[in-house]
Amino acid sequence: MMLILRDTLKMMFPIMLLGSFAEVIKGAFLTPTGFMATLFKITKWLPYNRDLAWIMGSIFHCTIDMIALYGAFGAAYYTAKVYGRKSAAAGAVGLLSFLIISFQLSDSGMPNFSPRLMSEGMLISLIVGYVCGRIMVKLVDVKKDELFQLIKPVAVVIVLSAIINMILGLVGRLEIPTYVASFVTQHTQINALLYVLGMGLLTNLLSWMAFGGPFTNSPSFGDNASLANMNAALKAGSAWNVPFKFTDTTLYHSFANFGGTGVVLAFIIAILLFSKKVNNRRVSKWSIFPAIFNNNYAMMLGIPILFNPIYLIPFLLAPLVNMILAAGLLALRWIPAAAYPVPAGTPGPLIAFIGTNGNWLALIFGVVLIVLDVLIYMPFVKLADQIIEEAGVADEEI
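Analysis parameters
- Residues numbered from 1 in each chain as written.
- Predicted model: local features only at pLDDT ≥ 70, side-chain atom pairs only at ≥ 80, totals over all residues.
- Heavy atoms only, no water.
- UniProt positions renumbered as here; feature names shortened; annotations may be inferred.
- Helix = DSSP H or I, 4+ residues; strand = E, 2+ residues; numbered from the N terminus.
- Expected span 1.5 Å × (residues − 1).
- Bend = angle between axes of the 7 residues up to and from the residue.
- Polar contact = N/O pair within 3.5 Å; in protein donor to acceptor, adjacent residues only side chain to side chain.
- pLDDT = per-residue confidence, 0-100.
- Contact = heavy atoms within 4.5 Å.
- Core = buried A, V, L, I, M, F, W, Y, C linked by side-chain atoms within 4.5 Å.
- Buried < 20%, exposed > 50% of the residue type's maximum accessible area, 1.4 Å probe, protein only.
- Domains from an automatic or database assignment.
- Phe/Tyr/Trp six-rings, centres within 6.5 Å; stacked < 30°, edge-to-face > 60°.
- Buried area = accessible area lost by both parts, 1.4 Å probe.
- Nonpolar A, V, L, I, M, F, W, Y, C, P; charged D, E, K, R; others polar.
- Patch = residues over 30% accessible without salt bridge, like charges linked within 9 Å, V, L, I, M, F, W, Y side chains within 5 Å.
- Areas by Shrake-Rupley, 256 points an atom, 1.4 Å probe, with all protein chains shown as cover.
- Salt bridge = Lys/Arg side-chain N within 4 Å of Asp/Glu carboxyl O.

If you look the chain up in an unreviewed UniProt entry, it shows as Permease IIC component from Companilactobacillus nantensis DSM 16982. Of the comments in the UniProt record for the chain, the one headed Subcellular location (unreviewed entry) reads "Cell membrane". Per its UniProt entry, the chain bears the Function (unreviewed entry) comment "The phosphoenolpyruvate-dependent sugar phosphotransferase system (PTS), a major carbohydrate active -transport system, catalyzes the phosphorylation of incoming sugar substrates concomitant with their translocation across the cell membrane."

**Student:** Summarise helix 19 (residues 360-391); cite the residues concerned and give the values.
**Tutor:** Compared with an ideal rise of 1.5 Å per residue, which puts 32 residues at 46 Å, helix 19 spans 47 Å between its outermost C-alpha atoms and is within 8% of the ideal. At Tyr377, helix 19 shows its strongest bend, of approximately 30°, with the proline Pro379 following within four residues. At the N-terminal end of helix 19, a side-chain oxygen is found 3.2 Å from the backbone nitrogen of Leu361, two or three residues along, and the residue is Asn359.

**Student:** Before we move on, could you go through helix 1 (residues 2-30) and cite the residues and values that matter?
**Tutor:** In this model, helix 1 (29 residues) spans 39 Å end to end at C-alpha, consistent with the 42 Å of a helix rising 1.5 Å per residue. The sharpest bend along helix 1 reaches about 35° and sits at Phe13, with the proline Pro14 one to four residues further on.

**Student:** Requested: an account of the confidence of the model for the chain, with residues and values cited.
**Tutor:** Mean pLDDT over the chain: 88, with 91% of residues reaching 70 or higher. Mean pLDDT across the secondary structure elements of the chain bottoms out at helix 10 (residues 180-186), with 53, and peaks at helix 14 (residues 264-274), with 96. Low confidence marks residues 174-179, where pLDDT is under 50. Its contacts with residues over four positions away, or in another chain, come to 1 contact.

**Student:** Before we move on, could you go through the nonpolar core and cite the residues and values that matter?
**Tutor:** Grouped burial of nonpolar side chains is what soluble globular proteins tend to show. Core analysis: the biggest nonpolar cluster contains 70 residues, and Met122, Leu251, Phe267, Met299, Leu301, Ile305 and Leu306 have the highest contact counts within it. For this core, the leading source of residues is helix 19, giving 10 residues. When residues of this core are sorted by domain, at least three fall in each of domain 1 (1-176) and domain 2 (187-391). For Leu306, the residues in contact, after removing those within four places along its chain, are Leu9, Met122, Ser207, Trp208, Ala210, Met300 and Leu301. Counting 18 residues, the second largest nonpolar core, distinct from the first, contains Ala72, Val93, Met118 and Leu150.

**Student:** So what's going on with the packing of aromatic side chains? Which residues, and what values?
**Tutor:** Throughout the structure, instances matching the rule amount to 13 aromatic pairs. When the centroid spacing of 6.1 Å and the interplanar angle of 35° are considered together, the rings of Phe29 and Phe289 count as tilted. Of this pair, Phe29 sits in helix 1 while Phe289 sits in helix 15 (residues 278-292); the two residues are 260 residues apart in sequence, bridging distant segments of the chain. Among the aromatic side chains, those forming a connected cluster through ring pairs are Phe21, Phe29, Phe289 and Phe293.

**Student:** Explain the domain arrangement of the chain to me, and be specific about the residues and the numbers.
**Tutor:** Examined at the domain level, the chain breaks down into domain 1 (1-176) and domain 2 (187-391). The C-alpha centroid of domain 2 is placed 27 Å from the C-alpha centroid of domain 1. Each side of the interface is counted separately: domain 1 has 27 residues, and domain 2 has 26 residues. Its largest share of buried area at the contact with domain 2, domain 1 owes to Phe13, Phe35 and Leu123, together 26% of the area lost on that side. Remark: the boundary between domain 1 and domain 2 carries 6 residue pairs in polar contact (both at pLDDT 80 or more). Mapped by element, the contributors of at least two residues to the side of domain 1 that touches domain 2 are helix 1, helix 2 (35-40), helix 7 (115-120) and helix 8 (122-139). When residues in the side of domain 1 that touches domain 2 are grouped by element, the largest group, 14 residues, is from helix 1. Of the residues belonging to the side of domain 1 that touches domain 2, the class tally is 18 nonpolar, 6 polar and 3 charged.

**Student:** Explain a nonpolar patch on the surface to me, using residue names and the numbers behind them.
**Tutor:** A grouping of Leu332, Trp334, Trp360, Leu361, Ile364 and Val368 is seen on the molecular surface, where their side chains present a nonpolar patch of about 680 Å² in accessible area. Here Leu332 shows up in the loop between helix 17 (309-331) and helix 18 (348-355).

**Student:** I'd love a proper account of the pattern of salt bridges, names of residues and values included.
**Tutor:** Note on pairing: side chains with opposite charge can pair once their charged atoms come close. Counted by the stated rule, this structure contains 2 salt bridges. Ionic pairing is found between Asp7 and Arg6, a salt bridge with its closest N-O pair at 3.0 Å. The salt bridge involving Lys277 is made with Glu389; its shortest N-O contact spans 2.4 Å. Linking Lys277 in the loop between helix 14 and helix 15 with Glu389 in helix 19, this pair joins segments that are 112 residues apart in sequence.

Below, the structure written as structure tokens:
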């Protein structure tokens with residue numbers, strides 16, 4: 001199973017890497033409200049910037065936004081390959097299965113697919129691909145080369161996928177709401193703090209499991225708590241006395257999301273400083289550009305971080321430590337809360353600085369946290385190197 005997972009993630013890495021570059025270029029450089037576009041007025045002087053943004057958006061939507069499709073194909077392909085069956089046919093069946101499972105009918109009658117499953121359902125897609133691969137192994141006779149023997153396993157997969165689609169449709173109609181912002185605004189600050197810490201921890205855990213968590217990858221400033229904080233800051237001309245100090249924006253996004261979930265920017269720095277493995281260093285160098293703008297997809301697959309027990313503890317611990325320390329400084333009124341909106345694609349360490357309208361202590365605190373996070377990751381990076389050495393695994397290029 002681990003061999004199948006490794007080969008699948010390895011296959012997906014270049015897709016995610018190029019998709020990460022495209023997302024960052026579009027969001028931060030070619031969107032008028034993006035961080036770099038705002039800073040250097042790129043959209044005002046760069047010719048064909050809209051066309052370039054459209055191209056980058058197309059690449060993003062066909063890579064990261066549909067990453068689960070590649071996961072389903074790869075898991076089915078490599079499962080069948082391990083057992084000596086028709087790999088390409090299994091990959092196609094895995095892809096077909098996940099398309100059926102994620103299929104939705106839009107109000108216009110045009111076919112649609114669940115965006116959450118496509119972009120955040122990679123764990124589900126890997127399971128679907130593995131199951132489809134095993135069905136192909138079970139029902140396809142390797143000694144025969146008859147085209148029609150594929151009909152039976154494909155029919156089984158289609159029926160099972162349709163049933164799963166119906167179940168997911170019923171669950172979706174329940175319209176189970178999320179209560180992140182409402183909980184923060186309706187409970188005491190200490191309860192809100194514990195809730196945000198718990199939701200942040202859950203988000204990172206689910207990200208490590210290749211599944212979307214309750215917090216998004218970038219602050220939206222559109223929830224009730226953030227809007228209340230922003231209105232209070234604009235009215236008073238300062239963010240020191242906002243009503244809700246402990247929210248996902250003021251804690252998680254401002255101090256615990258440097259380089260994406262798990263403070264991956266610190267992980268990259270730790271690898272470049274302490275790892276002796278050429279492959280890990282190469283992946284980190286390629287991934288540092290998108291990570292600066294809070295995109296960690298390439299690192300999640302390239303190292304990989306996904307499903308890797310060695311990195312689970314620092315992946316959860318570093319953001320949690322950051323949020324706890326940030327909450328302490330907010331409670332002591334050493335720094336104000338990040339209440340002002342920030343441009344899309346703002347680098348993680350600058351979110352608190354811009355969100356507090358230029359509080360220098362918030363910026364210095366962010367730098368201190370990155371150093372601390374690098375120290376948290378350091379022993380695990382060295383441990384991973386040691387395990388690779390003891391296992392005798394070749395330091396291969398991806």
